[in-house]
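# Inside the fold
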Amino acid sequence: MKIAARTGAVLTATALTFALAACSASNEGSTDTESSATETTDTAMELSGSLNGAGASSQESAMEAWRAGFQSANPDVTVNYDPVGSGGGRTQFLDGATSFAGSDAQMDEEEYDLSIARCDGESGAIHLPMYISPIAVIFNLDGIDSLNMDADTIADIFNGTITNWSDDAIASQNEGVELPDSAITIVHRADESGTTENFTEYLAAASTTWGQEASGDWMGAAGESGQGTSALVQIVQDNAGTIGYADASRAGDLGTVALKVGEDYVPFSAEAAAAVVDASPAADYTSGENDLAIHLDRTTTAAGAYPLVLVSYHIVCQQYDDATEAALVTGFLKYVASEEGQAQSASAAGSSPISADLSAKITAILDEIAAA
């Protein structure tokens with residue numbers, strides 16, 4: 001991959017355009033924390049210009065919520081986000097076309113190396129976990145809202161071993177449910193996708209029958225495919241007998257699968273997703289202490305945990321030589337990591353808010369970037 005010079009390239013017509021805004025605050029005699037918040041807000045109010053990002057389509061609903069939190073106070077700043085998918089977002093960022101990427105998957109070692117050339121200074125890029133959400137296994141069967149499945153059953157459906165909804169492997173876990181004697185049509189992502197990588201990582205770790213490594217490119221059985229989350233969900237909505245996977249915020253009225261964890265079946269929820277994230281260690285490979293990538297425990301048997309979860313990152317440089325670019329990136333992402341920003345995305349997208357400790361850590365890292 002060749003690193004291109006940074007440009008002010010216009011993103012595709014599918015890009016989401018957001019006006020960046022911040023809430024003003026002033027309290028005389030404030031605490032240090034309050035003073036810090038006021039300082040951040042005052043700085044944000046002086047921002048102007050355009051900030052370009054691209055990446056994970058799973059973040060679309062959250063991005064809309066973050067826009068709503070900002071748009072009234074800072075009309076002079078525009079944030080463009082192209083939900084092109086995690087792989088496309090990382091490519092645009094590494095090519096220098098955007099200032100940050102949204103990604104449901106972490107950079108690999110080659111991408112880490114490329115980020116050193118892309119970013120100013122010698123530190124390269126880091127991952128900041130901003131969006132935590134379960135991935136739902138979604139399906140369209142008339143009159144059925146929920147099904148229980150273990151990891152082997154899900155893997156066998158998506159690798160093409162189980163092809164009928166009345167298969168004993170499904171029926172035995174769903175006593176009393178009238179399953180149709182009809183073909184299963186799997187629906188997967190057509191593009192390189194962090195959601196696909198997280199889904200196949202779960203299948204590779206938790207099942208004995210998937211038989212493949214995790215990948216952002218679909219490697220399972222052939223079926224219908226959709227470009228981006230919206231297209232995949234639309235195909236499932238429009239066609240009976242289909243099954244797919246998507247960020248849980250997009251499940252809508254579709255049926256969803258409760259995963260077998262230990263001896264129980266656990267439906268997706270923000271709380272169940274957060275339980276897995278809190279129990280997961282740092283990733284094996286990072287670019288230093290400011291890189292907050294984590295290694296998710298997909299095989300947990302902890303009560304109430306839902307291991308099919310994605311952590312969507314914002315990938316940013318540790319140094320931007322352009323002061324305006326640095327201010328725009330850090331100003332916007334401080335809001336995203338704030339209690340208000342996380343509440344906005346939780347309400348709009350059903351995501352699980354990051355902890356107060358993680359929010360504080362991300363804010364401190366962004367302060368370092370702004371001052372670099």
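Residues numbered from 1 in each chain as written. Predicted model: local features only at pLDDT ≥ 70, side-chain atom pairs only at ≥ 80, totals over all residues. Heavy atoms only, no water.

## Considerations on the environment of Ile-184
With respect to the helices and strands, the residue Ile-184 is situated in the loop between helix H6 (168–171) and strand E7 (185–189). Once the C-alpha coordinates of Ile-184 and Trp-165 are considered, the two residues, 19 residues apart in sequence, prove to be 6.0 Å apart. Once residues within four sequence positions are removed from consideration, Ile-184 is found in contact with Ile-157, Ile-162, Thr-163, Asn-164, Trp-165, Ile-170, Gly-241 and Ile-243. (Helix = DSSP H or I, 4+ residues; strand = E, 2+ residues; numbered from the N terminus. Contact = heavy atoms within 4.5 Å.)

## A word on the state of the cysteines
The final tally for this structure, using the stated rule, is one disulfide. Shown here is the disulfide that connects Cys-119 with Cys-317, its sulfur atoms set 2.1 Å apart. Around the S-S axis, the bridge from Cys-119 to Cys-317 shows a dihedral of about -80° and counts as left-handed. Highlighted residues: Cys-119 in the loop between helix H4 (109–118) and strand E5 (125–139) and Cys-317 in strand E12 (residues 309–317), separated in sequence by 198 residues. Accessibility expressed as a relative area gives 0% for Cys-317, which makes it buried. (Disulfide = S-S within 2.5 Å. Buried < 20%, exposed > 50% of the residue type's maximum accessible area, 1.4 Å probe, protein only.)

## Here we look at the packing of helix H2 (residues 60–70) against helix H10 (residues 323–337)
Running from amino to carboxyl end, H2 crosses H10 at an angle of 105°, the nearest separation of the two axes being 10 Å. Looking at the two axes, H2 sits roughly perpendicular to H10. Contacts between H2 and H10 involve Met-63, Trp-66, Gly-69 and Phe-70 from the first element and Gly-331, Phe-332, Tyr-335 and Val-336 from the second. (Axes fitted to C-alpha atoms, helices over the stretch in contact; angles between N-to-C directions. Parallel < 35°, antiparallel > 145°, perpendicular 65-115°, else oblique.)

## Observations regarding the layout of surface pockets
Counted as a void, the second largest pocket has a volume near 550 Å³. Lining the second largest pocket we find 24 residues, and of these Ala-105, Gln-106, Met-107, Glu-197 and Glu-201 sit closest to its centre. Tallied by class, the residues present in the lining of the second largest pocket amount to ten nonpolar, four polar and ten charged. (1 Å grid on protein atoms, 1.4 Å probe; cavity = no way out; pocket = protein on both sides within 12 Å on 5 of 7 lines; lining within 4 Å. Points joined across faces, edges and corners; volume = space filled by probe spheres on them. Nonpolar A, V, L, I, M, F, W, Y, C, P; charged D, E, K, R; others polar.)

## Here we look at helix H3 (residues 86–94)
When you tally the buried positions in H3, you get seven out of nine residues, the bulk of the element. Burial in H3 covers these residues: Ser-86, Gly-87, Gly-89, Arg-90, Gln-92, Phe-93 and Leu-94.

## Here's the deal with the pairing of strand E9 (residues 242–247)
Sheet faces and side chains relate simply in a regular strand, where the side chains alternate between the two faces. Along E9, six of the six residues are buried, which leaves the element largely enclosed by surrounding structure. Note that E5 and E9 share five bridges and pair antiparallel. Across the sheet, the residue bridging to Phe-139 is Ile-243, located in E9. As paired strands, E7 and E9 are joined by two bridges and run parallel to one another. (Pairing = 2+ DSSP bridges.)

## With respect to the nonpolar core
The biggest cluster of nonpolar side chains holds 99 residues, and the ones touching the most others in it are Phe-158, Ile-243 and Phe-332. Take this core: its biggest share by element is eleven residues, from E5. In this structure, Phe-158 is in contact with Val-137, Ile-186, Val-187, Phe-199, Trp-210, Trp-218, Gly-220, Ala-221, Ile-243, Gly-244 and Tyr-245, ignoring residues within four places of it in sequence. (Core = buried A, V, L, I, M, F, W, Y, C linked by side-chain atoms within 4.5 Å.)

## What to know about the packing of aromatic side chains
Under the criterion given, the structure shown has nine aromatic pairs. Both rings, one in Phe-139 and one in Trp-165, keep their centres 6.0 Å apart while their planes meet at 50°; by these two values the pair is tilted. Highlighted residues: Phe-139 in strand E5 and Trp-165 in the loop between helix H5 (151–158) and H6, separated in sequence by 26 residues. Of the two residues, Phe-139 and Trp-165, neither departs from the other in class, the shared state being buried. With a centroid separation of 6.2 Å and an interplanar angle of 70°, the aromatic rings of Phe-158 and Tyr-245 are classed as edge-to-face. With Phe-158 in helix H5 and Tyr-245 in strand E9, the pair connects residues that are 87 residues apart, well separated along the chain. Judged by its relative accessible area of 1%, Tyr-245 falls in the buried class. Through pairs of rings, three or more aromatic residues link up here, namely Phe-158, Phe-199, Trp-210, Trp-218 and Tyr-245. Its guanidinium or amino end placed over the ring of Phe-93, Arg-118 lies 4.6 Å from that ring's centre, counting from NZ or CZ. (Phe/Tyr/Trp six-rings, centres within 6.5 Å; stacked < 30°, edge-to-face > 60°. Lys NZ or Arg CZ within 6 Å of the ring centre and 35° of its normal.)

Remember that the coordinates give geometry; whether it matters functionally is a separate question.
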